[in-house]
2 protein chains.
Amino acid sequence: MRPKKVPARRTRRGSGAVTLHDVAKLAGVAPITASRALNTPDQVSAEVLKKVTDAVARTGYVRNRLAGGLASARSRLVAAVVPTISGPVFLRTVQALTEALAERGYQLMLGQSGYDNSREDALLEAIIGRRPDGIVLTGIMHTPEGRKRLLAAAIPVVETWDLTPTPFDMLVGFSHVDVGRAVADFLVGKGRRRCALVAGNDERATRRAQAFQKAARTAGMRDVPVVYVPAPTTLNHGRSALAELLRTAPGIDAVFCSSDLLALGIMTEAQSRGIAVPGQIAVVGFGDLEYAADLHPALTTVRIDGTAIGRQAAQFIVDRAEGRRVDKRVVDVGFSIVERDSA
Amino acid sequence: MRPKKVPARRTRRGSGAVTLHDVAKLAGVAPITASRALNTPDQVSAEVLKKVTDAVARTGYVRNRLAGGLASARSRLVAAVVPTISGPVFLRTVQALTEALAERGYQLMLGQSGYDNSREDALLEAIIGRRPDGIVLTGIMHTPEGRKRLLAAAIPVVETWDLTPTPFDMLVGFSHVDVGRAVADFLVGKGRRRCALVAGNDERATRRAQAFQKAARTAGMRDVPVVYVPAPTTLNHGRSALAELLRTAPGIDAVFCSSDLLALGIMTEAQSRGIAVPGQIAVVGFGDLEYAADLHPALTTVRIDGTAIGRQAAQFIVDRAEGRRVDKRVVDVGFSIVERDSA
DNA sequence: GTGAAAGCGCTAACAC
DNA sequence: GTGTTAGCGCTTTCAC
């Protein structure tokens, strides 16, 4: 008696998790009604709502957002691209973004582009593959191919931390040129006569540095030495940059750094050499990181409202995702120079 | 002649993006064959592979991982939960995790739990809803309900940065008790006789602190004052903690901090008061952040190989996701005391 | 307010 | 090695 070969019903296991179907059955309604109870509760009678809510609680149902995203073409996922997560600069932006999105039922996916563009293609592939409802770029999308792919994917894009005359789509940022100029004017106003720069070699820091140089020259400074260090910047870069400046341009009386960490490096090196800050050398940072105010001396720095940037970016994307018109697509959050003791 | 009511073919727009179907048609093969060409290229003839690859390139196709994840019950998404992304402590772990996963075709989704457990439930809902192939916990899953839900979701879990006798599932970490003890012994060995502590009020820092106290007492110290500060720790917490210690326990000659940032705060405050480090007070940090070596004086601290933790966690999860057996489910990465100038 | 049917884009399961 | 079929779990479209 050998086993009869039954024509084998094709069965796929599925994940085994509780589905909306199960919930609906338990609540005694159709799946679509259960779906509405969860997504648009006011389209459903109070009675049904309660039955579904109870069923969800009893079963421990958690909706499958892969399925939902596939069906609705809305993943409720937003991708953010940062050069590196270990850079503290964008942290507040990412944090604000995370929170603002979470409040609205969206989730953030973080991608690292690195400061070069080697992995950019793979990163874009990974991002677009998840069909996010929006992409937030901090800094630049380097390659033209990258830009083309983003355009082709038709995903709303918010560029941040910069202001360009030719935005991709939406934009929240500030003018790096204005920052450079403002800091130069600030130092000149403080009576500094021989300013120097230490800057990460990324595009935006370079732009700040060049604007600073130009403004400083306009104010009568003959040469404005600049030391470029590889991004991401570190404390140690600051230390060795000051050492270099002291060697090559001994008379300097002020340094504008492209990050607070560099500034801390400058101050550390100065301290270890017995150079007075701000007495001999004034130091200005960039970023106003949390610790800037608590350093000794307290750091004068450029404050960017990274939180506002993140919140506005979230707003932009959610508005788009939910079909609202976005008229004003460029927001300038500006900046301010926070004057403390170091300059 | 009024328009005849045709029984309306139900049509859904879809996203409008290029689908695998389009690629297959262009390549002249069945969709599943195109799928195989992309996912398991060696199951496909060279000729087909080329045709599909060409079609992908010509159309700019990017595979829809929502659909793929739904169909295969493998999202290739891994969630990591950190208390906060602005804490630099887990940064190396997150970075290593991101990279190790990306190399294997997985993507990281970052969630912030906060240092309290208020949002934990919403976070879990958001995470489980995406059906990740694994979850990496840095620190603790606080609430019992949280643990229950994770268990119910049947998602592989890696706990990190700690060692517990009762792991949830998989574990990569080190012993905080051993750290506390080792640092106490280290300072005692350096001839310090009156040690104090500054610790964030999170669970693990507290455990390190208590182990430190116990070991210090065993070594003959009468009382070992400790100042707890709210997590996440800041430089300023360090400054005010030292101020407090100097007031309440004036004779101290060493401070073990629960983070390098606290240590920097201690050193900053010491410097501003003219207290010599390590002359009068030795300082030991925790974390060995990038800048620790470059401070002045260079910071003696506890080094944790966060990168190894991240890599091992990725390995664990990918192994599980790909159906390999994971025998050794607990890895102790240990720690080391990096002796520099501050102690 | 509620439901039936169809389909989002992909892959598992089975045939050949 | 390649194709057919039937879903994965949800939401859209249309109908009542």
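You'll find the structure just up there.
This one's a predicted model, so the numbers in the text were calculated from it and none came from an experiment. (Residues numbered from 1 in each chain as written. Chains lettered and ligands numbered in written order. Predicted model: local features only at pLDDT ≥ 70, side-chain atom pairs only at ≥ 80, totals over all residues.)

**Student:** Which residues make up the overall build of chain A, and what values go with them?
**Tutor:** In terms of helices and strands, chain A carries 12 helices and 12 strands. In terms of overall dimensions, chain A has C-alpha extents of about 95 × 55 × 40 Å along its principal axes. For chain A, the proportion of its 343 residues judged to be buried stands at 49%. Partitioning the intrachain contacts of chain A with sequence separation of at least 6 by distance along the chain shows that 69% fall at a separation of at least 24. (Helix = DSSP H or I, 4+ residues; strand = E, 2+ residues; numbered from the N terminus. Buried ≥ 20, exposed ≤ 12 C-beta atoms within 10 Å, placed from the backbone. Contact = placed C-beta atoms within 7 Å.)

**Student:** Could you give me a rundown of the interface of chain B and chain A, with the residues and numbers involved?
**Tutor:** Contacts between the two partners involve 44 residues from chain B and, on the opposite side, 43 residues from chain A. At the level of secondary structure, the elements contributing two or more residues to the side of chain B that touches chain A comprise helix H4 (65–72), helix H5 (91–103), strand E2 (107–112), helix H6 (120–129), helix H7 (144–153), helix H10 (235–248) and helix H11 (260–273) of chain B. Of the residues forming the side of chain B that touches chain A, the biggest block, 5 residues, is contributed by H4 of chain B. Its residues assigned to classes, the side of chain B that touches chain A comprises 16 nonpolar, 19 polar and 9 charged. (Nonpolar A, V, L, I, M, F, W, Y, C, P; charged D, E, K, R; others polar.)

**Student:** Outline the pairing of strand E6 (residues 195–200) of chain A, listing residues and values.
**Tutor:** Residues and elements named next belong to chain A. E6 sits mainly inside the fold: 6 of its 6 residues count as buried. Across the two faces of E6 the burial is the same, with Cys-195, Leu-197 and Ala-199 and Ala-196, Val-198 and Gly-200 all buried. Direction of pairing for E6 relative to strand E8 (residues 254–257): parallel, over a ladder of 4 bridges. Across the sheet, residue Ala-196 finds its bridge partner in E8, namely Val-255. When E6 meets strand E7 (residues 226–229), the two strands line up parallel, connected through 4 bridges. Pairing of Leu-197 across the sheet is with Val-226, part of E7. Running through helix H9 (residues 203–218), the crossover from E6 to the neighbouring parallel element E7 is right-handed. (Pairing = 2+ DSSP bridges. Right-handed = clockwise from strand over helix to strand, strands pointing away.)

**Student:** Which residues make up the environment of Arg-204 of chain A, and what values go with them?
**Tutor:** All names here are of chain A. Topologically, Arg-204 is positioned in helix H9. Since 21 C-beta atoms lie within 10 Å of it, Arg-204 is described here as buried. The spatial distance from the C-alpha of Arg-204 to the C-alpha of Gly-139 is 7.9 Å, given a sequence separation of 65 residues. When near neighbours in sequence (up to four residues on either side) are disregarded, Arg-204 contacts Gly-139, Asp-162 and His-176.

**Student:** So what's going on with the sheet that holds strand E1 (residues 77–82) of chain B? Residues and values would help.
**Tutor:** Strands in a sheet are paired, the pairing made by backbone hydrogen bonds, and the direction either parallel or antiparallel. All names here are of chain B. Spatially, 6 strands are ordered E2-E1-E3-E4-E5-E11 in an open sheet, and the strand pairing comes out parallel. The sheet is open, and its two edges are formed by E2 and strand E11 (330–332), each paired on a single side. Neighbouring strand axes in the sheet, compared pairwise and without regard to direction, differ in orientation by 15° on average. Summarising the sheet, strand E5 (residues 170–173) and E11 pair through 3 bridges and their orientation is parallel. When the bridges of E11 are listed, Val-172 appears paired with Val-331. Here helix H12 (residues 306–321) sits on the sheet and contacts E1, strand E3 (134–138), strand E4 (157–160), E5 and E11; the angle it forms with E4, its principal contact strand, is near 165°. (Axes fitted to C-alpha atoms, helices over the stretch in contact; angles between N-to-C directions.)

**Student:** Before we move on, could you go through the sheet that holds strand E1 (residues 77–82) of chain A and cite the residues and values that matter?
**Tutor:** Residues and elements named next belong to chain A. The 6 strands lie next to each other as E2-E1-E3-E4-E5-E11, forming an open sheet whose pairing is parallel. The two strands at the open ends of the sheet, each matched to only one other strand, are strand E2 (107–112) and strand E11 (330–332). When the angles between neighbouring strand axes are averaged without regard to direction, this sheet yields 15°. Relative to strand E4 (residues 157–160), strand E3 (residues 134–138) runs parallel, the two sharing 4 bridges. By the bridge assignment for E4, Leu-137 is matched with Glu-159. Against the sheet, helix H6 (residues 120–129) touches E1, E2 and E3, its axis set at about 165° to E2.

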